[in-house]
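Coordinate inspection notes
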Amino acid sequence: MASPGYVSLQRPQSWSQVQTFTPGIAIGAEQVSASPRGPFTAFFPGALTSTWTGQSWTLDKAITVTRVQAQAKTAPAGCTTSAVVRVTDGTTPVNLTIAAAANDSGAIAQNYAAGAVLTISVQTAAAGCSTSPADTNAVIQYKMQ
């Protein structure tokens, strides 16, 4: 039998008291957060041929946006001006051009302060398209600062 205070990773653990780990817990390279968040999403129904705000949200904690992706049900074709989906606090934008069915900003690190109001919008309308992008779902991945 193990002595008190011994923790084995090979067997389940039962603790009768609250456990505190300082400075924190990591699983692999990922730090476990006291305020986990899921991705923020916005759906833009119809053709992206006009500018409008799809969602807005006020941050309760500072975040870092790490990626923006958008999937269009109808991929654009032949556009002279591509639609642009934007995430912004009104000062610092992250723009994603909708040039295909699947669109990805790649890895980014854009910080936004607690209390900021973020909007996700169609910033630039698609124009001159033989097929306009339509029915687009955007996902903003982020982590707490």
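All of the points below concern the structure found in this document. Computed from a predicted structure; not experimentally measured. (Residues numbered from 1 in each chain as written. Predicted model: local features only at pLDDT ≥ 70, side-chain atom pairs only at ≥ 80, totals over all residues. Heavy atoms only, no water.)

Secondary structure assignment for the protein yields 0 helices and 11 strands. Helices and strands in the protein line up, N terminus first, as β-β-β-β-β-β-β-β-β-β-β. Sequence separation of at least 24 residues holds for 81% of the intrachain contacts in the protein that already meet a minimum separation of 6. When the accessible surface of the protein is summed, it comes to about 8,800 Å², and 51% of that surface belongs to carbon and sulfur atoms. (Helix = DSSP H or I, 4+ residues; strand = E, 2+ residues; numbered from the N terminus. Contact = heavy atoms within 4.5 Å. Areas by Shrake-Rupley, 256 points an atom, 1.4 Å probe, with all protein chains shown as cover.)

On to the pattern of salt bridges, then. Counting across every chain of the model gives 1 salt bridge. Ionic pairing is found between Asp104 and Arg67, a salt bridge with its closest N-O pair at 2.7 Å. With Asp104 in strand β8 (residues 102-104) and Arg67 in strand β5 (residues 63-74), this pair connects stretches of sequence that are 37 residues apart. (Salt bridge = Lys/Arg side-chain N within 4 Å of Asp/Glu carboxyl O.)

The sheet contact formed by strand β3 (residues 40-47) and strand β11 (residues 134-144) spans 6 bridges and is antiparallel. Each residue of the ladder has a partner; that of Ala47, found in β11, is Ala134. Judged from the 10 bridges that link them, β5 and β11 form a sheet pairing that is antiparallel. Residue pairing for β11: Ala72 is matched across the bridge by Thr136. (Pairing = 2+ DSSP bridges.)

In this section: unusual backbone geometry. Of note, the phi angle at Asp135 is positive, near 50 degrees, even though the residue is not glycine. Its place among the elements puts Asp135 in strand β11. Asp135 sits in the partly exposed class, given a relative accessible area of 26%. (Buried < 20%, exposed > 50% of the residue type's maximum accessible area, 1.4 Å probe, protein only.)

Take the sheet that holds strand β4 (residues 52-58) next. Across the sheet, 4 strands lie side by side as β4-β10-β6-β7; this open sheet has antiparallel pairing. Two strands close off the open sheet at either side, each with one partner strand: β4 and β7 (93-98). Here the average twist between neighbouring strands, direction ignored, is 15 degrees. Taken together, the 6 bridges between strand β6 (residues 83-88) and β7 define a ladder with antiparallel strand orientation. When the sheet's bridge partners are listed, Val84 is paired in β7 with Thr97. (Axes fitted to C-alpha atoms, helices over the stretch in contact; angles between N-to-C directions.)

The next subject is the nonpolar core. Among the nonpolar cores identified, the biggest contains 27 residues, and Phe44, Ile63 and Ile120 are the most heavily contacted of them. Elements represented by at least two residues in this core include exactly β3, β5, β6, β7, β10 (117-124) and β11. Those residues in contact with Phe44 that sit more than four places away from it in its chain are Trp52, Gly54, Val85, Ile120, Ser121, Val122, Asp135, Thr136 and Ala138. (Core = buried A, V, L, I, M, F, W, Y, C linked by side-chain atoms within 4.5 Å.)

Relative to the assigned elements, Asn103 resides in strand β8. Residue class for Asn103 comes out buried when judged on its relative accessible area of 7%. Only 2.9 Å separates the side chain of Asn103 from the backbone nitrogen of Ala99, close enough to count as a polar contact. Only 2.8 Å separates the side chain of Asn103 from the backbone oxygen of Ala100, close enough to count as a polar contact. (Polar contact = N/O pair within 3.5 Å; in protein donor to acceptor, adjacent residues only side chain to side chain.)

In this section: the packing of aromatic side chains. Applying the stated criterion across every chain yields a total of 3 aromatic pairs. Aromatic side chains Phe44 and Trp52 sit 5.3 Å apart centroid to centroid with 80 degrees between the ring planes, which places their arrangement in the edge-to-face category. A relative accessible area of 0% means that Phe44 is categorised as buried. An angle of 50 degrees between the planes, with centres 5.9 Å apart, marks the rings of Trp57 and Tyr142 as tilted. Of this pair, Trp57 sits in strand β4 while Tyr142 is found in strand β11, placing the two residues 85 residues apart along the sequence. Tyr142 shares its class with Trp57; the two are buried. (Phe/Tyr/Trp six-rings, centres within 6.5 Å; stacked < 30°, edge-to-face > 60°.)

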